[in-house]
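The residues making up each chain are set out below.
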Amino acid sequence: MFKRNKAKKKNTYRNEAKTASSKKQGKRKKTTGKKPGLFKPGFFKSHKARKITGLFLIVFSLFMVLAFISYIKSWFTWGSDEAFTSGVTFNTIFMDYPEQVHNWMGRLGAFLSHLFIKEWFGIASLLFALLIFIGGWRMLKVRLLPLWKTIRYSVFFLVWISVSLGFIFHNSDYAILGGVFGYEGSQWLQGVFGMAGAGLILLFLLLSFLVAAYNIPFRWMKPVHTATTPAGKKQKTKSPGDNGSNHKPGKYNVEEYAVDDEDQPETTEPIKPGKKISKKPIDHPDEQEEMTSSDSQDQEQEGDDDQEDEIKFTVKKAETSEDVNDNGNTAIGKRERQSLDTPYDPTLDLSDYQFPTLDLLEKRGDGTINVESEELKANKKRIIDTLNNYNIKITQIKATIGPTITLYEIVPAPGIRISKIKNLEDDIALSLAATGIRIIAPIPGRGTIGIEVPNNKPEIVSIRSLLASSKFRDNKYELPIAIGKTISNESFITDLAKFPHILMAGATGQGKSVGLNAIIASLIYKKHPSELKFIMIDPKKVELSLYSKIERHFIATLPEAEEAIITDTRQVVKSLNSLNIEMDNRYDLLKNAQVRNLKEYNHKFVARRLNPEEGHRYLPYLVLVIDEFADLIMTAGKEIEMPLTRLAQLARAVGIHLVIATQRPSVNIITGTIKANFPARIAFRVISKTDSRTILDVSGADQLVGRGDMLLATGSELTRLQCAFIDTDEVEKVTEFIGAQRGFPSAFLLPDYEGEESGDTAEYSSDERDDLFEEAARLVVATQQGSTSLIQRKLKLGYNRAGRIIDQLEAAGIVGPFEGSKAREVLIKDEYSLEQHLNNLNK
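Residues numbered from 1 in each chain as written. Predicted model: local features only at pLDDT ≥ 70, side-chain atom pairs only at ≥ 80, totals over all residues. Heavy atoms only, no water.

1. Description of the overall build of the protein
Looking only at helices and strands, one finds 26 helices and 23 strands in the protein. Each of the 843 residues in the protein was classed as buried or not, and the buried ones make up 49%. For the protein, the accessible surface area stands at approximately 42500 Å², while carbon and sulfur atoms represent 53% of it. (Helix = DSSP H or I, 4+ residues; strand = E, 2+ residues; numbered from the N terminus. Buried < 20%, exposed > 50% of the residue type's maximum accessible area, 1.4 Å probe, protein only. Areas by Shrake-Rupley, 256 points an atom, 1.4 Å probe, with all protein chains shown as cover.)

2. Observations concerning the packing of aromatic side chains
The full count for this structure, using the stated rule, is 17 aromatic pairs. With a centroid separation of 5.3 Å and an interplanar angle of 70°, the aromatic rings of Tyr-353 and Phe-355 are classed as edge-to-face. Accessibility assignment for this pair places Tyr-353 and Phe-355 in one class, buried. Plain terms: the ring middles of Phe-534 and Phe-554 are 6.4 Å apart, the flat faces sit at 55° to each other, and that makes the pair tilted. On the criterion of sequence distance, the pair formed by Phe-534 in strand S16 (residues 532–537) and Phe-554 in helix H15 (residues 551–554) is long-range, its members being 20 residues apart. (Phe/Tyr/Trp six-rings, centres within 6.5 Å; stacked < 30°, edge-to-face > 60°.)

3. Describing empty space enclosed by the protein
In total, this model carries five cavities of 30 Å³ or more according to the counting rule given. Estimates place the volume of the second largest cavity at around 50 Å³. Lining the second largest cavity are Pro-403, Thr-404, Ile-405, Lys-485, Thr-486, Ile-487, Asp-709, Arg-720, Leu-721 and Gln-722. Contributions of two or more residues to the lining of the second largest cavity are made by strand S13 (480–486) and strand S22 (717–723). Here the lining of the second largest cavity is composed, by residue class, of four nonpolar, three polar and three charged. (1 Å grid on protein atoms, 1.4 Å probe; cavity = no way out; pocket = protein on both sides within 12 Å on 5 of 7 lines; lining within 4 Å. Points joined across faces, edges and corners; volume = space filled by probe spheres on them. Nonpolar A, V, L, I, M, F, W, Y, C, P; charged D, E, K, R; others polar.)

4. Quick word on the pairing of strand S10 (residues 405–412)
In terms of burial, S10 is a largely internal element, seven of the eight residues being buried. In this structure, strand S9 (residues 394–401) lies alongside S10, joined through seven bridges in antiparallel fashion. Each bridged residue has a counterpart across the sheet, and for Ile-401 the counterpart in S10 is Thr-406. Linking S9 back to S10 in an antiparallel pair, the connection comprises three residues. Here S10 pairs with strand S12 (residues 449–454) via six bridges, running antiparallel. (Pairing = 2+ DSSP bridges.)

5. Considerations on the pairing of strand S18 (residues 621–626)
The two faces of a sheet get side chains in turn, since along a regular strand they alternate between them. Burial within S18 is extensive, with six of its six residues counted as buried. Side chains Tyr-621, Val-623 and Val-625 of S18 all project onto a buried face; the interleaved residues Leu-622, Leu-624 and Ile-626 project onto the opposite face, where all are buried too. As paired elements, S18 and strand S19 (residues 656–662) share five bridges and run parallel to each other. Across the sheet, the residue bridging to Val-625 is Val-659, located in S19.

6. Some points on the nonpolar core
If you look at the biggest cluster of nonpolar residues, it comprises 111 residues, and the most contacted ones within it are Ile-502, Phe-534 and Leu-624. Phe-534 has contacts with Ile-520, Leu-523, Ile-524, Phe-554, Ile-555, Ala-556, Val-623 and Val-625, leaving out every residue within four places of it along the chain. Core analysis: the next-biggest nonpolar cluster, separate from the first, contains 22 residues, Leu-795, Leu-797, Ile-805 and Val-826 among them. (Core = buried A, V, L, I, M, F, W, Y, C linked by side-chain atoms within 4.5 Å. Contact = heavy atoms within 4.5 Å.)

Here's what the structure looks like:
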C-alpha cells in the first residue's frame, strides 16, 4: 500500500544560503569544538548521536516485529503468556519472574505484544514498527518513504484494519487479530448501522481513502468494446485508462491499443495540430490491417437520438503478443512491446490525456476594433495643429489602429529636427486631452515618427482569440506563449525557449498576474504533461493557488513538499537550489549524450539512440514561475539571488526557463546581475521614469494607460502590446478540466536538497579529502576569505566540488561555520600555522 519514492541523487550542491526563518530566530551560537554530552541540549546535533539513535530505532522496530509474530504464534498454539501479562509490573518485567515466558523476545517482548496486539489494535500494530523503522533510517539521513505521508496513511489503516478484523472475526477465536479497539469499534458500528451497514461503511471508507490518496480511476466499469476484423473475427479492446498507471516516465514503455469514445466532450476545438484525443497506435511499415469498430451509445440525457459512432484505427497484425512485466521479462498477453526501431513516445504515460478545449474560455468580442472615423480625424487635426503652433511642418500622417492604442505615423518636412518633436510630448497630450501619449522618434526601420494615442473605447484582448489563431495552432515553437496583440492588432506569439527568461514588473493592479496566467495557459494548451513541468512560487499564497489542481500533471515539487504551490521562503530556497542540482544533472546527461541542448538530447532519446540503463531519460521542460519576487528578496536576499542568477546564466540549454514578476522595480530588487541575464523584459504601467529605466533601461512604461497595456523589450527592440486577458473563472475551469483526468502517480520530483545547518559540522576524514584540499586551504589562508565562490573561481572548479571542499575545510578547523551571506571566518591566520595544522591532520 505504501509506494517507495523514486531514488533521487544525493545532494552535492552547496550554496552559501541560509533560510530566512533561521535568521528571525536569532543568531545561533558558534561551535566551540567541544562535543556535547549524552544528556546535554546539543546531543542530537551530533552526527554520532543521530546515528546511534537511528540504529536503536531500527533494532527496536525489528524487536517489536519478532515479538508480535511470536505472540500471535503462541496464542494459536496454546502457549500464550496470559499468566504473565495479566498482572505485569515493572518488577515482573525487569526483575526475577519464577516462570518462563514463551515469547521469543522475553518478558519485555511479551508485555509489548500483549499491550499493542490484544489491548490496542491487533496485528495492525505492525504499522507502529514500520513507522519506527522508517524513523530510524531518517536519523541516518536515508529516506525510504515520505515520512508525513506514511504517518497519515498508517493512522488510517491502523484504525481501518483493526476495526475490519474485529468485524470479520467478532464471534471467533481470531478476534485477537483486531485487538480490543477493533472489537469494540466493530461492535459500535454494528449497533448503529447493523451487520450489513457496518460492512458497507468499512468498504466506503476504504474506497474513499483510495480515491483521496491515489485518485483511482473507475474505468474498469466501462463496457468492453469489440472490433470486427475484415475476416469477421472479433477482438476485445480495453479502455485507455487501464494502461497508463503502469508506465514509468522516461522508460521505453508498453503501448496498448484501445478504443474509447465515452469521454469525448460535446464540442472540442483542437489546439495542438495532429493531436487526437483518443489513443494513437504505432504504425509499422510491415503487415498492417485496418479494423473498424462500431459502438452505439445511449444519448437520452442529451436529448439526441441513438446513434452509432464508427471508429477506425490501425494496429499491428498480432501474430504473437507479449506482455512485459516490471523486470523487462516477456510473457504471453494482450500487449506488445514497442520495437526498438519505433520512435519512443513520451506521451504514452498519459496516452488518454485530453487537451483543454477553447469552450472553457470566454468569448469577448469578435476580434475586430471599432474606432470611429470622427475620432481619428479629430486626433489627426489636433496633432497637426499642435505641431504648426511650433512651426513644425509635416508632409504625411497616417493611423494604425490597435485594440488599446492608435499609432499615428508622421513624416516631418525636410530640415525638421526630431528632438524638437520629441520635446512636444506633453503639449500633444494636452491638446488631445489624453494620458498615455508616447512618442517614438524615429520608428526603427520605417523612417517615420510615431505618436501613440489611447483609444476612447479600448478593446479587451481575449486569450481565446489568441489560442484559436492559426499563428498559435500551427507554430513549431518549443514553448509557444500568447502574450497579447500589437498596435496593428496582430497576435503576438513567441517562443519562451528563445527568450529564454522573462522579467515582468509593474505597479499594483496593472496586469502582472493576468500576464502570468496568460503565459501559463498558453503552455498548458500546447504541451502534454510529459513534456512540461512548472515550479510555481507564490509568496502571496493566492495568485497561483488554482494550479494546485494540476499537481499530478504539470507541477514539479520537492520530495517532501506538502503543497504543490510553494509559499514558504524556506521551501523557496530549497527549491531553487534543487533546480540547480537538476540543472547540473542535466548537463551531465547532455555531456554523455554529446549534444548541446535539450532539444537535441530529447530528439536523440526519442530516436532510441540513448540507453536508459545508462541513466538517460526523457527530459521535460521546466518553467519556474515566481509571483512577487520583491517579497522574496526582502526576506531572503542573497539566498534567493545567488541560485536564481546561476539558473538564469546557465539553465537555458537544459530546458529550464524563468518567468519572474514583481511590483517593486527598484534597483535593490532588480539588480544589475539579474537584469543582465533576463534579455526579455515586460513592463506594465509604473509610477515614475526611474522605475521604467530600471526595467527597460529606457523611459516609456510610466506613460502606459494601464489595464494590460505593456511594453516588451527584447534586446534593443521595444514592442507595445495589449496583454491577453484571462479571468480567474477561466483558469479554474481549465485546471478543473485537467485535474479531473488521470494523472501521474505523483508530482514530478526534483532532486532532494539539504541546506547547511548552523552548528552541524561534518566529520573530518582524511580518506575522503579532495585532491585540491591543501591548495584550497592555502588559498583561503592567504586571502583570509572563506568563500565557496572564491575556491570555485581561483581553482576553476564546479560549484558542487567547491562546496565539498569548503565543508572539508570547516571539518578540519580551517574555516568557521556558515554565516549566511557573509564569508566564513578563517580560523588560521598565517601560512606557517597552516602548515603545522596540515601536518597534524596527516599524522
